[in-house]
Amino acid sequence: MLGPLAAYLPTPRTADGGVAPGVLAALADRAVAAGADAVAVLGSTGGFAYLNGGDRARVARAAVEAVDGRVPVVCGIGALTTADVLGHAAAARAAGVDAVLLPPMSYLPLTAGEALALYRDVAALAEVPVWIYHNPRTTGLELTVDDLLAIAALPGIGGLKDRGLDAADVRTRCAALLAGVPAHVEVGFSGDALGSQALLAGARTWHSGLAGILPGPWVATAAAAVAGDVPTVDAWTQRLAPLTTLGARWGAMRLAGAVARHVALDLGPLPAPLLDPPAVVLAEVEAAVEAALA
């Protein structure tokens, strides 16, 4: 099991666009030392879609070596074809990850039936537990709770990462998922701002991108949520709101470099054609990070 907090690491890059395993190791170690319960690589914050197979394998190996068994390591394996997904799953398994995370990607948005077939085929061959990754913002596929429950019932599925539109939607979806998933399937939610609401509603895991760079505030918020301490959760949520709002608008991957510089880590350049946000936004990020760490 991954929860209560899974910290999703950005993928640091060298000046020529390669992977910087030393910086990745530093990020992983900071997350574990701060109290994150799992470390994830090659999610949306990790920019998996911008990396080739060799670089993905290097990221998985670097994360597993850095974590050194202290917490579970999850690795994203999203790709446009089932064959490529299976290739990434094999590489992740060879690197020693504990689970793989699969978004239903496609150039043409998949149907729910196609997504079910994708998870069925991959879970049958992955040889490590597969986590469902429901992220309509990037995949273009909106899965209902019933769709997710059908996928969660497949052999080889270990958990799911859902998301909601707002706190009420998170609570509603969480309750329905908890009532319907098999006992061994872990229910989790993503969202740097809303994941704590899922923990309060009984979810096992909060999957957070910004926690991979600034783990301390998210570890504290998750601990309060697990304890049912709503006032503390609300206080942290308000304190982190400037940063999570920027993350929702620009994407944690674009903001990661500016956030990491605040803690003396250089993530290198974004992969073209992505650009750093405008200077005014970067200034807002700096102020939001200072408020989060104050």
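Residues numbered from 1 in each chain as written. Predicted model: local features only at pLDDT ≥ 70, side-chain atom pairs only at ≥ 80, totals over all residues. Heavy atoms only, no water.

(A) Just the packing of helix α11 (residues 252-262) against helix α12 (residues 279-293), in detail. Close contact between α11 and α12 brings their axes to 10 Å; oriented N to C, the two are set at 50 degrees. Compared by their axis directions, α11 and α12 come out oblique. In this structure, α11 meets α12 at a crossing whose hand is right-handed. Two secondary-structure elements touch here, α11 through L255, A258, V259 and H262 and α12 through V281, L282, V285, E286, V289, E290 and L293. Along the lines of polarity and charge, the residues of the contact of α11 with α12 split into eight nonpolar, one polar and two charged. (Axes fitted to C-alpha atoms, helices over the stretch in contact; angles between N-to-C directions. Helix = DSSP H or I, 4+ residues; strand = E, 2+ residues; numbered from the N terminus. Parallel < 35°, antiparallel > 145°, perpendicular 65-115°, else oblique. Left-handed = near helix turned anticlockwise from the far one by under 90°. Contact = heavy atoms within 4.5 Å. Nonpolar A, V, L, I, M, F, W, Y, C, P; charged D, E, K, R; others polar.)

(B) Region of interest: the environment of L108. Take L108: it is sitting in the loop between β4 (99-102) and α4 (112-125). For the pair L108 and L141, spaced 33 residues apart in sequence, the C-alpha to C-alpha distance is 9.6 Å.

(C) Here's a closer look at the side chain of H207. Relative to the helices and strands, H207 resides in strand β8 (residues 205-208). Within the structure, H207 has its side chain in polar contact with the side chain of Y8 (distance 2.7 Å). Setting aside its immediate chain neighbours within four residues, H207 contacts L2, A6, Y8, W131, L160, K161, G188, F189, S190 and G191. (Polar contact = N/O pair within 3.5 Å; in protein donor to acceptor, adjacent residues only side chain to side chain.)

(D) Local environment of α12. The terminal C-alpha atoms of α12 lie 21 Å apart, and with 15 residues this matches the ideal 21 Å at 1.5 Å per residue to within 8%. When α12 is considered as a whole, its buried residues turn out to be V281, V285, A288, V289 and A292. Down the axis of α12, the smallest arc covering the buried residues is 100 degrees, so these residues share one side. Opposite the buried face of α12, at more than 90 degrees from it, the exposed residues are A279 and V280. (Expected span 1.5 Å × (residues − 1). Buried < 20%, exposed > 50% of the residue type's maximum accessible area, 1.4 Å probe, protein only. Arc of directions from axis to C-beta.)

(E) View of the side chain of S208. Topologically, S208 is positioned in strand β8. A residue is classified by how much of its surface remains accessible, and S208, at 0% relative accessible area, is buried. Side-chain polar atoms of S208 contact the side chain of D192, separated by 2.6 Å. Beyond its immediate chain neighbours, meaning those up to four positions away, S208 contacts L5, A6, A7, Y8, D192 and W218.

(F) Examining a nonpolar patch on the surface more closely. A cluster of nonpolar side chains, namely L80, Y107 and L108, defines an oily patch on the protein surface of about 430 Å² accessible area. Relative to the elements of secondary structure, L80 occurs in the loop between β3 (73-76) and α3 (82-95). (Patch = residues over 30% accessible without salt bridge, like charges linked within 9 Å, V, L, I, M, F, W, Y side chains within 5 Å. Areas by Shrake-Rupley, 256 points an atom, 1.4 Å probe, with all protein chains shown as cover. Salt bridge = Lys/Arg side-chain N within 4 Å of Asp/Glu carboxyl O.)

(G) Inspection of the sheet that holds β4 at higher detail. Overall, parallel pairing links the eight strands, which are arranged β1-β2-β3-β4-β5-β6-β7-β8 in a closed barrel. Ignoring which end each strand starts from, the neighbouring axes of this sheet average 25 degrees apart. Relative to strand β5 (residues 130-133), β4 is paired through three bridges, and the arrangement is parallel. Bridge pairing links L101 to W131 in β5. This element, α4, spans β4, β5 and β6 (157-162) of the sheet and lies at about 160 degrees to β5. (Pairing = 2+ DSSP bridges.)

(H) The arrangement of the environment of G47 in detail. With respect to the helices, strands and loops of the structure, G47 is situated in the loop between β2 (38-41) and α2 (53-67). The buried category is assigned to G47, whose relative accessible area is 4%. Each C-alpha atom, one on G47 and one on L270, is 9.2 Å from the other, the two residues being 223 residues apart in sequence. Ignoring sequence-local partners within four residues, the contact set of G47 consists of R13 and M253.

(I) Geometry of the packing of aromatic side chains. Taken as a whole, this structure holds zero aromatic pairs when the rule is applied. Taking NZ or CZ as reference, K161 lies 3.9 Å from the ring centre of Y8, over its face. Stacked on the ring of Y133, the Lys or Arg K161 has its end atom at 3.9 Å from the ring centre. (Phe/Tyr/Trp six-rings, centres within 6.5 Å; stacked < 30°, edge-to-face > 60°. Lys NZ or Arg CZ within 6 Å of the ring centre and 35° of its normal.)

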